[in-house]
Every structure is written in C-alpha cells, then in structure tokens.
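Residue strings, one per chain:
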Amino acid sequence: MIRLSKSVIDKDEVIAVTKVLLEDGYLGMGKEVGLFEEDIAKYIGVESCNVVCVNSGTAALHLAVQAIAKSGDEILVPSFTFLSSFQAISAAGVIPVACDIYEDTLTIDVDDALSKITPRTKAIMCVHYASNPANIEKLYNFASANKLRVIEDAAHAFGCSLNSQKIGSFGDIICFSFDGIKNITSGEGGAIITKDVEILELVKDSRLLGVIKDSEKRYSGNRSWDFDVLNQGYRYHMSNLFAAIGRVQLKKLDMFFAPSRIKFYNIYHGELKNIDDIAFQVTESNAYIIPHILPILVKRNKRDSLRDFLEKNNVQTGIHYKPNHLLSLYYKEEINLPVTDRIYNQILTLPLHPNLNVDDIYKICNLIQSFLK
Ligand SMILES: *Cc1c(COP(=O)(O)O)cnc(C)c1O
C-alpha cells in the first residue's frame, strides 16, 4: 500500500529523545522547549520571544482565539478546512462563521467574508490550504479596513514564504502545527507566532493553566509556587520530549523534506496537467511552497470511482476536507456555500510524504491516466 501521508523519523530523533529521557530526565516544559522556540525563531526570522510552543496546532489556534475574542463574538473562517479550525473557535465560546472559498486558490473568499461581517465579528481566520498562502495582501487589507484581527491557520505552511518572507515573519497571529504528518513534526505540537506583546503574554500564561509569567521560569528548570491567575488557562504547554523531536526535524526541513515534497509535487503536476478531468489548485505566483498535501480536483463526478480504483491498486487517498458547515454541530439552514459544496465533491488528496520515491509517484500518475482515459 502506498500511504497517503507518514511521519518520517529516523535514529536522529530517537537519539535526541533518548538524551532528554536519560540525561535530563525532565519531560515537562523546560530548557528543550525554550531551545525549540529559539530554533523556530531563527528559522522564520523573528525574535525567540515571539514564538510560543504548545502541544498541538489546535491548542495554538484555541489560545489565539481566546486572546482576541470573547464568548458570543464571531470569527470568519472558511468552511473548507480541518475540523480543528472550527473547534478552536467554538472552544473559546466564539462563533465560527462559515465562509466560502475561491474556486481557483481554495482559500477564503474575502468578498463572501465581507458580506458576513456583523458588529460581533472580531477576526478572520484564513487557512493556507495545501500550503498556499494565497491572497494574503488582499486579506490583510480587508482586515484593516474592517478593524478585524487576523489569525493565520498556517498548519500546512511551515517553511513556506511569500515575496521571500517566511510565513510567520509578518502578519498578525500565525499558528503552526507539528503533528505527525505536517511539514515537520514534534510528535504532536504547535506554535503561535506574533509580535503583539499583549497577545504573547496571554498565550504564554494560558498554555500553563493561566499562571502568570511561569514560562520564563520553566526554561531554567524552575516554576512558580506563589502565583496568581487572571485568565482561564489550559495544560497546553509542549514537553521537552516533543521539542527534542521538533528540533531534529527542523534541521532536516530544507535539506531533505522540502526538496522531496517539491520534487513529487512537480512530477504530479507535470504528469497530470493535461488530463481533461483533472484540475489543480492555483497557487500564489510569488510564493515558495513546501506542499503538505497534494489535492487534485476530479471533474464530471469521477472522484469516487477514481478513488476506489486507486484503493484497489494499493494507493491510499484522502479527502481534505469535509466542509465544517455540513457537520451537525455547525450546520445552519441559512448557510449557502456553493463553491465549497462543489469542491467537496471533486477534491481528492494523493500520497505525498518524504518517504515516497519517484517510482511511486509515476505509478500513481500512470494509474490515474489509465483510469481517466
Ligand atoms: C493539522 C491541522 C490543524 C491542527 O493541528 P494539530 O496539531 O493536529 O492539532 C489545524 N488546521 C489545519 C488546517 C490542519 O491541517
């Protein structure tokens, strides 16, 4: 079976984790997490105080939402995203307002978002779907014209850049995920990056049960005993074990992970671009993209039969994503998202991870070509 996605781990990560286990013996949030934050900051091009590591991308989004909105507020978000984006919003008591996407870029439709603004709208959460940071300038113009905060769900876009600037080095509040199959993994994990000092203080405290200014102490192996708490917090801090994995993975991103993801992406595009029934997402032309997933659009109702055919030939595929407005928790009769509904019937995700080889990709492309002929 050719797998859709996979964590790519070898002995380097094992050695790093073993070192924390045997030499340091402190598995919670300590020095290693501080070092991972420094490494990320250096890689992205921000100060290390701007990076806050947590135990998942969902936690990063939840803390970001809680820092800028309160119960009953609304956040504009594309329905076409991983469930996490929606759950992170509703976890804070905030209402996710499902928006449509552009048919070409598959990212949030700013005009549709504009039509859904109310006095309670606090922010827009964009999703860099399939690592495509599309229309960011338009989005930030829209946000500032309407006095909205921006949360970038950049779970797919770690290492990507726009106009030669890394995602996370500019913008308002940017959230990354390091779950098992993302561009880099820390086992589980995530990070918030922002230059807003108030937000930084809030999210640093709220990842440690809201205990005021505990983060700095943790880096040096201490903690607060006589403390105060102002805000609701969570056990969302990253552990030293996960940070050790993340630090090794980060070193491999530009050398190994990115080149193979990009190589496979290019083969897929080259081999499939002339097939009538297949279309690709349109990506931002001045972006550097390390593709996290490889979605194609399969026209004329052939998606499900192609998917079955690939499955029978031992090729695993996925559907990223089932739109959130179709889930009972978020369903409302008045929600009408025609592009999202159409794309949902066409979207198919093909295998993409650094452990594949060129022959696997050609085999998949040949199967698709033979089926659609
Ligand atoms: C993976 C992902 C998340 C959540 O990250 P976790 O680390 O799995 O919690 C959020 N949004 C999108 C679009 C994702 O793909």
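Everything below is about the structure shown above.
In this text, all values refer to a predicted model and were calculated from it rather than measured experimentally.

K.L.:
Would you mind showing me how to read the side chain of His292 here?
P.N.:
As for its position among the elements, His292 is in the loop between strand E11 (287–288) and strand E12 (294–298). Among residues more than four places away in sequence, those in contact with His292 are Ser131, His156, Ile181, Lys182, Asn183, Arg261 and Leu352.

K.L.:
I keep staring at the sheet that holds strand E2 (residues 74–78) and nothing clicks. Help me out?
P.N.:
Strand pairing in a sheet takes place through backbone hydrogen bonds and is either antiparallel or parallel in direction. The seven strands lie next to each other as E1-E9-E8-E5-E4-E2-E3, forming an open sheet whose pairing is mixed. Bordering the open sheet on either side are strand E1 (51–54) and strand E3 (95–99), each of which pairs with just one other strand. Across the sheet, the mean angle from the axis of one strand to that of its neighbour is 20°, orientation sign disregarded. Taken together, the five bridges between strand E4 (residues 121–127) and strand E5 (residues 149–153) define a ladder with parallel strand orientation. Bridging across to E5, Cys126 finds its partner in Glu152. Together, E2, E4 and E5 form the strand contacts of helix H6 (residues 136–145), whose direction differs from that of E5 by roughly 150°.

K.L.:
Teacher, can you tell me more about the site of the ligand here?
P.N.:
Looking at the ligand, there are 17 residues lining it, with Gly57, Thr58, Asp153, Ser177 and Lys182 nearest. Between an oxygen atom of the ligand and a main-chain N or O atom of Gly57, the distance comes to 2.7 Å. Out of a free accessible area of 380 Å², the ligand has 93% covered by protein chains. Counting residues per element, the ones that place at least two in the shell around the ligand are helix H3 (57–68) and helix H4 (83–91). The element best represented in the shell around the ligand is H3, accounting for three residues. Split by residue class, the shell around the ligand holds five nonpolar, nine polar and three charged.

K.L.:
Looking at this structure, I do not really get the sheet that holds strand E13 (residues 347–350). What am I missing?
P.N.:
If you trace the three strands from one edge of the open sheet to the other, you get E10-E12-E13, paired in antiparallel fashion. Where the open sheet ends on each side, the last strands, each with one partner, are strand E10 (278–280) and E13. Adjacent strand axes in the sheet meet at a mean angle of 40°, parallel and antiparallel pairs treated alike. As judged from the three bridges shared by E10 and E12, these two strands associate in the antiparallel manner. Within E12, the residue paired with Phe280 across the bridge is Ile296.

K.L.:
Teacher, can you tell me more about the side chain of Asn240 here?
P.N.:
The topology assignment puts Asn240 in helix H9 (residues 240–272). Classification of Asn240 as buried rests on a relative accessible area of 1%. Of note is the side chain of Asn240, whose polar atom sits 3.0 Å from the backbone oxygen of Tyr26. If near-sequence neighbours (up to four positions away) are discounted, Asn240 is found in contact with Val20, Asp24, Tyr26, Leu27, Gly28, Met29, Gly30, Lys31, Glu32 and Val33.

Thresholds, definitions, all that
Residues numbered from 1 in each chain as written. Predicted model: local features only at pLDDT ≥ 70, side-chain atom pairs only at ≥ 80, totals over all residues. Heavy atoms only, no water. Helix = DSSP H or I, 4+ residues; strand = E, 2+ residues; numbered from the N terminus. Contact = heavy atoms within 4.5 Å. Pairing = 2+ DSSP bridges. Axes fitted to C-alpha atoms, helices over the stretch in contact; angles between N-to-C directions. Near = heavy atom within 4 Å. Polar contact = N/O pair within 3.5 Å; in protein donor to acceptor, adjacent residues only side chain to side chain. Areas by Shrake-Rupley, 256 points an atom, 1.4 Å probe, with all protein chains shown as cover. Nonpolar A, V, L, I, M, F, W, Y, C, P; charged D, E, K, R; others polar. Buried < 20%, exposed > 50% of the residue type's maximum accessible area, 1.4 Å probe, protein only.

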